[in-house]
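Structural overview
Read off the chains here:
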Amino acid sequence: MKKHNFSAGPCILPQSVFKEASQAILDFNNSGLSILEISHRSKDFVAVMDEAQELVLELLGLKNKGYKALFLQGGASMQFLMVAYNLLEKKAAYLNTGTWSSKAIKEAKLFGEVVEVASSKEKNFNYIPKNYTIPADADYFHCTSNNTIFGTQIKEFPATDLPIVCDMSSDIFSREIDFSKFDLIYAGAQKNMGPAGTTLVVVKEEVLGKVSREIPSMMNYAVHISKESMFNTPAVYAVYVSMLTLRWIKSKGGIQAMEQKNNRKAELIYGEIDRNPLFTGFAAKEDRSVMNATFNLKDESHQEKFDMMWKEAGVNGLNGHRSVGGYRASMYNALSLESVQVVVDFMQELERKV
Ligand SMILES: *Cc1c(COP(=O)(O)O)cnc(C)c1O
């Protein structure tokens, strides 16, 4: 039986994508070959890479606007340093909203001065700082759109003339944003787009080529652009499955349709968190993430009972991250409203039973 999968990442993908992807392992495009055994330079795979890059720019509304989409490796964590390698000449401005921002800051410091414009660390990152000043002489401003661990999400991005770099690992393709505000977007595929193993980078070409240091080829966006993400062997299968998911997003009505569905799921769970006297939300209300809802039991003695209920019913991955505790419902694009309803029903059952 398929479980209700609330895993934070790697995470749920559409069931139809799993089916098509598994077929391609046995026989890709009726070629008599598995996708795992063909050259990344074969016509069939080059078509996959091209379509994946096209779909990214199309879905984000960035076609013909000077952007390139790349499928690289090393995860979002590699982007923490690659961004700085390519863009940080003297000074960069970072907003610290959680574990991933903190890690990005640590790596950037190896390349130059980092100004932390604001941080919510003193409250265990349960809110998004606002009204901070971004130094006008920084090379770029970096932020994390959705804080997967703490369940907060930036609703309004700051106005700045600097290039904006954003880690969108856990909410890319989940909501409509004016993506043309950003000069570089990156996202590990395994949260809302595909399997682990590839990382999407969408970069505006005009921000590149401005640092004086020499950049090793594998770290150099310009090299990857010139080779169309095939400077070395790409993560063939991860790119393929990502492409299938992008096709699925498009067929369902694009980001707008994803956003509507995601908002309904979030309203359902947050509504129950606020109504149910046994539970309390972790993140500040105005900053609540539509992707990852974090919440706690007010009385931890109910934990064993609650955990048994949802685990027995085939719910997976509801435990909170160790730095927050409690629960985290990750409700990525492929998760259905019905799965959220199952958890809400158990929250109500617990209320009746205790
Ligand atoms: C998961 C995650 C990362 C780390 O991604 P890796 O691909 O494991 O390096 C970075 N940023 C955010 C926002 C994440 O959710």
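Conventions used here
- Per chain, the residues get numbers from 1 upward, laid out in the order the sequence is written.
- Owing to the predicted nature of the model, reporting of local features is limited to residues with pLDDT of at least 70; listing and counting of side-chain atom pairs is limited to 80 or more, with chain, interface and lining totals taken over all residues.
- To obtain the side-chain values, all non-hydrogen atoms of the structure were used and water was disregarded.
- Two strands pair if DSSP finds at least two bridges between them.
- To qualify as a helix, a DSSP run of H or I must reach at least 4 residues; to qualify as a strand, a run of E must reach at least 2; elements of each kind are numbered from the N terminus.
- Note on geometry: axes are lines fitted to C-alpha atoms, helical ones only across the stretch in contact, with angles between N-to-C directions running from 0 to 180 degrees.
- Contacts are residue-level and defined by heavy atoms, with any inter-residue pair within 4.5 Å sufficient.
- Only a single heavy atom is needed: when it lies within 4 Å of a molecule or strand, its residue is near that molecule or strand.
- Polar contacts here mean pairs of N or O atoms no more than 3.5 Å apart (in protein, one a potential hydrogen donor and the other a potential acceptor; neighbouring residues in sequence count only if both atoms are side-chain atoms).
- Accessible areas in this description were obtained via Shrake-Rupley with a 1.4 Å probe; residue shielding takes into account the shown protein chains only.
- Here the term charged refers only to Asp, Glu, Lys and Arg, the term nonpolar to Ala, Val, Leu, Ile, Met, Phe, Trp, Tyr, Cys and Pro, and the term polar to all other amino acids, Gly among them.

Concerning the sheet that holds strand E11 (residues 279-281)
Read across the open sheet, the 3 strands follow the order E11-E12-E14; overall the sheet is antiparallel. The sheet is open, and its two edges are formed by E11 and strand E14 (327-330), each paired on a single side. Each strand of the sheet is rotated relative to its neighbour by a mean of 30 degrees, with strand direction disregarded. Pairing between E11 and strand E12 (residues 292-297): 3 bridges, direction antiparallel. Note on E12: the bridge partner recorded for threonine 280 is asparagine 296. Relative to E12, helix H7 (residues 254-275) is tilted by about 20 degrees, and along the sheet it contacts E11, E12 and E14. Those strands touched by helix H8 (residues 303-312) are E11, E12 and E14, and its axis lies near 25 degrees from that of E14.

Side note on the site of the ligand
By nearness alone, 13 residues border the ligand, and Ser77, Thr148, Asp167, Gln190 and Lys191 come closest of all. Serine 77 places a side-chain nitrogen or oxygen 2.6 Å from an oxygen atom of the ligand. A distance of 2.6 Å is found between a nitrogen atom of the ligand and a side-chain nitrogen or oxygen belonging to aspartate 167. Considering the ligand on its own, with 390 Å² of exposed area, one finds that the protein chains cover 88% of that surface. The element contributing the most residues to the shell around the ligand is helix H3 (residues 75-87), with 4 residues. Of the residues in the shell around the ligand, the class split is 3 nonpolar, 8 polar and 2 charged.

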